[in-house]
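Residue strings, one per chain:
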Amino acid sequence: MKLTGAQIFIECLKREGVKTVFALPGGVVLKIFDTLHQQKDIEIILTRHEQGAGHMAEGYAKATGKAGVCLVTSGPGMTNVITALADAYMDSVPLVCFSGQVPTSLIGNDAFQEADNVGLSRPCTKYNFLVKDVNDLAATIKEAFYIATTGRPGPVLVDIPKDVSMAEAEFSYPNSVSIRGYNPTYEGNKWQIKQAAEAITKARKPILYVGGGVVFSGASQELLELAEMTQIPVDMTLMGLGAFPGEHPLSLGMMGMHGTYEANMAVHYSDLVIAVGSRFDDRVTGKVSEFCPHAKVIHIDIDPTSIRKNIHVDVPIVGDCKTVLRELNQILRATVNGEQKELRKPWWNQIQAWRQAHPLTYQQEKDGPIKPQQVVKRLYELTKDRDPIVSTDVGQHQMWAAQYFKLAKPNRWLTSGGLGTMGFGFPAAMGAQAAFRNRLVLCIAGDGSIQMNMQEMATAVVSKLPVKIIILNNRFHGMVRQWQDLFYSGRYASSDLENTPDFVKLAEAYGAVGLRADKVADLDSVLRKAIETEGPVIVDIPTYRFENCYPMIPAGGCNHEMILEDPPELKQKQAGGKNVTPEDKDTVLTA
Amino acid sequence: MEHIISVTVENKFGVLSRVAGLFSGRGFNIESLSVAPTLDPSMSQMTIVTSGDERIIEQIVKHLNKLIDVIKVVDLNETEFVSRETAIIKVHTKDADRAEALRIVDIFRANVIDSTTSTYTIEVSGDPKKIEAIINLLQPLGIKDLVRTGRVAVAREPVRPVSVQTKKVARE
Ligand SMILES: Cc1cc2nc3c(=O)[nH]c(=O)nc-3n(C[C@H](O)[C@H](O)[C@H](O)COP(=O)(O)OP(=O)(O)OC[C@H]3O[C@@H](n4cnc5c(N)ncnc54)[C@H](O)[C@@H]3O)c2cc1C
Ligand SMILES: Cc1ncc(C[n+]2csc(CCOP(=O)(O)OP(=O)(O)O)c2C)c(N)n1
Ligand SMILES: [Mg+2]
């Protein structure tokens, strides 16, 4: 039987197990939308902006481990989704984005709403296709999902001209894909794995440096086994949070620019760094030449280009974390004896000493302004039994969320690390909520970031995605302000937002619920109320405006040289009362 | 250091821009690039002349391998290879110079492939040094046009493509 391109599109999605598509229509994709409208297997979530659609698909993908799917129109629809594609590319998120294109006969003619979608997306996709013939459509979609989800995952774009969605072809869906230039390596080299095992048994001060690859690979169980068997402490990257239980005694929390003191000291003084699915980003290494200067490095990564990109590696292992760790554990089981605890004692004593010397800290006065850390900490304590999914935007609040919201399991943490995209948090949370309608999904947002995709509140209300947004409202681009305080003599060039909208009223304007906590004493009750509320909620929490996030390794600094608190002149300035306190927030809002 | 990298790619639309985009996007050098279909018309062969230290070349090779349309990558510097470049040079020749032009052509074993009353069009192939040399000699006569193919190269013996598992092993 012959099907139209639009019907083929839908049949393919069904066969890929797609349940939800985040989409916004336009002229050249009307045929596809019209066909989607007449079926019930796939749900369309109509977003208010294509960037929102892209981030929702990312949130969906990160929470489920499956490819997220979005559908946009040509021209401006395509350019709007680019940020999300770039974000997914940097953070290795499996995404299949379908874009509409002008009819094949008009391509290159500067037709209405034409853009070179393949050209625009080339540098920010793992691969992209322009389908010129309806007979190729099914096989192309199959390849797109295959490429997006295998190897190092990433976004793939499929550009479908209008006439291709209208034309007819025999439908047959290929069972398998074979691309001669694309054969990701899953099995690690046996000899190298043996070298790794040997290095591990010899090491006295080893450290695991685990990243997003462990989450993608679903290797948390294997990682846990490795760490427990060998008693090796675990440092996580921002993207690796949740790969290892945050409350586990072997966890040192996050490492890097805003990582914990012990995580960074441990990596600096270690004699063996075991990098698993992490890519030695400059936010982690700091000054590359002085990163873990005393250590041998083992690097397990599925992407050969990640290995030795910026750090010398002694034992490179190209392969999938899960497969490689399994094999490594098997060797170690035979060689590692029960005395690991004893053997590691001096190392752990050292780590404990670091921990005690400089734990994460902040001062919350009872009647003082609310500290952002306090909000995250209470939110964590109040919700941890519900196994929530947590998204963040980008800025200080993101770092506090990373420090204080301890994740027990993978796929609960949605954050934009590589691109650092403000506006990511809310739509990503919605995407996860669309996949798990009954779970608690929290979005820890900044007052600056949330305004970048606020429009999606309309989507949340209409599509019934009851995300709880907690805004840590400092009326600042706080992260920018922090850098200005530390490195630009406190000149707040374009970081003071001065006035933010009344987020409570804004929520209400969209038909959602708005709440505010402006006293420490109210914090718990307001957060509880938000969690109990059925629909989407914004909780606006005015926080102390000048709180800074520590520890901090200045860009290009060394990992053992962290700034741990405000330098004296900054403390003085703030104590001098030159700055506005949160109390005048209300006057600003009502003014 | 200069490296010649031989890349077998899918012979389809857009592949050249993916390869070029990789080099420009990551700030790698391309000194020359030549591309043409292979015996099997579904594939093309690219010869890329690039330069960089060991670490950069390793990344270039890995990134080329990572491109989905790339089928095989060989770093020819790892083996013995022969390479050639062809130039087509159109020289302006006054009567007095015509004999001199022919002499130069002869010395370099080049060919005159076209001639008008006032020009010779000369084809020469060889390594870049030889081409530079003939250009230098012809310049005084007046070069009107010069096109060069960029280098193409082939390994003397069959070589294994660079594999994904990095070859270096643990230092003890
Ligand atoms: C404001 C801000 C501050 C930040 N501060 C910090 C900070 O303090 N600390 C920090 O860590 N980060 C921080 N980041 C994030 C940082 O920029 C990087 O995004 C992050 O460090 C990268 O994490 P990763 O190394 O886990 O790599 P990812 O980006 O998660 O990459 C995953 C790696 O695993 C590999 N991989 C994928 N799948 C598999 C598989 N199946 N098997 C094996 N390997 C696989 C990939 O090839 C890749 O190399 C910050 C970001 C922002 C925006
Ligand atoms: C789209 C985008 N533009 C600019 C930046 C640069 N930037 C990083 S953090 C930040 C401020 C974020 O402010 P807010 O969301 O209020 O978070 P806070 O740091 O105050 O917690 C800015 C502007 C960015 N990361 N993303
Ligand atoms: Mg802010």
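No experiment lies behind these values; they were computed from the predicted model shown.

Thresholds, definitions, all that
Residues numbered from 1 in each chain as written. Chains lettered and ligands numbered in written order. Predicted model: local features only at pLDDT ≥ 70, side-chain atom pairs only at ≥ 80, totals over all residues. Heavy atoms only, no water. Helix = DSSP H or I, 4+ residues; strand = E, 2+ residues; numbered from the N terminus. Rg over C-alpha atoms; globule rule 2.2 N^0.38 Å. Pairing = 2+ DSSP bridges. Contact = heavy atoms within 4.5 Å. Axes fitted to C-alpha atoms, helices over the stretch in contact; angles between N-to-C directions. Buried area = accessible area lost by both parts, 1.4 Å probe. Salt bridge = Lys/Arg side-chain N within 4 Å of Asp/Glu carboxyl O. Polar contact = N/O pair within 3.5 Å; in protein donor to acceptor, adjacent residues only side chain to side chain. Nonpolar A, V, L, I, M, F, W, Y, C, P; charged D, E, K, R; others polar. Donors = N, O, S within 2.8 Å, 3.2 Å for Na, K, Ca; no water. Buried < 20%, exposed > 50% of the residue type's maximum accessible area, 1.4 Å probe, protein only. Phe/Tyr/Trp six-rings, centres within 6.5 Å; stacked < 30°, edge-to-face > 60°. Lys NZ or Arg CZ within 6 Å of the ring centre and 35° of its normal. Near = heavy atom within 4 Å. Areas by Shrake-Rupley, 256 points an atom, 1.4 Å probe, with all protein chains shown as cover. pLDDT = per-residue confidence, 0-100.

**Topic: the overall build of chain B**
Secondary structure assignment for chain B yields four helices and nine strands. Going from N to C terminus, chain B has its helices and strands arranged as β-α-β-β-α-β-β-α-β-β-α-β-β. A compact globule built from 172 residues would reach a C-alpha radius of gyration of about 16 Å, whereas chain B, at 20 Å, exceeds it by more than 25%. Taking the principal axes of the C-alpha coordinates as reference, chain B spans close to 70 × 40 × 30 Å.

**A closer look at the sheet that holds strand 19 (residues 513–516) of chain A**
Residues and elements named next belong to chain A. If you trace the six strands from one edge of the open sheet to the other, you get 16-15-17-18-20-19, paired in parallel fashion. Looking along the sheet, the strands with just one partner apiece sit at the ends: strand 16 (413–414) and strand 19. As judged from the two bridges shared by strand 15 (residues 389–392) and strand 16, these two strands associate in the parallel manner. Residue V390 lies in a different strand from strand 16, and its bridge partner there is W413. Sitting on the sheet, helix 17 (residues 396–404) touches strand 15, strand 16, strand 17 (441–446) and strand 18 (468–473), and the angle it makes with strand 17 is about 135°.

**Side note on the interface of chain A and chain B**
Tallying the contact residues gives 34 residues for chain A and 28 residues for chain B. Its largest share of buried area at the contact with chain B, chain A owes to Y127(A), R180(A) and R308(A), together 26% of the area lost on that side. Applying the counting criterion to the chain A and chain B interface returns three salt bridges. The closest approach of N and O atoms between R180(A) and E10(B), which form a salt bridge, is 2.8 Å. Counting the contacts that link chain A with chain B gives 12 residue pairs in polar contact (both at pLDDT 80 or more). Broken down by secondary-structure element, the contributors of at least two residues to the side of chain A that touches chain B are strand 6 (127–130), helix 8 (190–202) and strand 14 (315–318) of chain A. Among the residues forming the side of chain A that touches chain B, the class breakdown is 12 nonpolar, 10 polar and 12 charged.

**Let's talk about the coordination of the magnesium ion (ligand 3)**
Geometry reference: four tetrahedral donors at a metal, ideal angle 109.5 degrees. Six octahedral donors, ideal angles 90 or 180 degrees. Residues and elements named next belong to chain A. In the first shell of the magnesium ion (ligand 3), the protein supplies D447 (OD), N474 (OD1) and F476 (O), at 2.1 to 2.2 Å from the metal. Between consecutive donors of the magnesium ion (ligand 3), the numbers of intervening residues give the motif D-x26-N-x1-F. We note that N474, like F476, is buried.

**Structural notes on the side chain of S6(B)**
All names here are of chain B. Tracing the backbone shows S6 in strand 1 (residues 2–10). At 2.6 Å, the side chain of S6 and the side chain of Q45 are in polar contact. For S6, the residues in contact, after removing those within four places along its chain, are Q45, M46, K72, V73, V74 and L76.

**Quick word on the packing of aromatic side chains**
Residues and elements named next belong to chain A. This structure, assessed with the given rule, holds 18 aromatic pairs over all chains. Summarising the aromatic geometry, the rings of F171 and Y173 are spaced 6.3 Å apart at their centres and angled 25° between planes, so their arrangement reads as stacked. In this structure, F171 and Y173 share a single accessibility class: buried. Residues Y209 and F280 carry aromatic rings whose centres are separated by 4.9 Å and whose planes lie at 90° to one another, so their mutual orientation is edge-to-face. One end of the pair, Y209, is in strand 9 (residues 206–210); the other, F280, is in the loop between strand 12 (272–276) and helix 12 (282–285), and 71 residues separate them in sequence. An aromatic cluster is built from F476, Y492, Y544 and F546, whose rings are joined through pairwise contacts. Directly above the ring of F436 sits R439, whose terminal nitrogen or CZ lies 5.0 Å from the centroid.

**Digging into the site of ligand 1**
All names here are of chain A. Taken together, the neighbourhood of ligand 1 is formed by 37 residues, with T237, M255, D301, S306 and D320 sitting nearest. Side-chain polar atom of D320 to a nitrogen atom of ligand 1: 2.7 Å apart, as the coordinates give it. Interatomic distance of 3.0 Å between a backbone N/O atom of C321 and a nitrogen atom of ligand 1. When isolated, ligand 1 has an accessible area of 990 Å², and the protein chains bury 97% of it. A per-element tally of the shell around ligand 1 places helix 9 (residues 212–217) first, with four residues. Here the residues of the shell around ligand 1 are counted per class, giving 13 nonpolar, 17 polar and seven charged.

**Observations concerning the confidence of the model for chain B**
Residues and elements named next belong to chain B. For chain B, per-residue confidence averages 91 on the pLDDT scale, and 94% of positions sit at 70 or higher. Across chain B, strand 3 (residues 43–51) holds the top mean pLDDT of 97, while helix 3 (residues 95–107) sits lowest at 92. Segment residues 167–172: pLDDT under 50, and 16 contacts once partners within four positions in sequence are set aside and those in other chains are kept. Both scores are given for the predicted complex: the pTM is 0.95, the ipTM 0.89.

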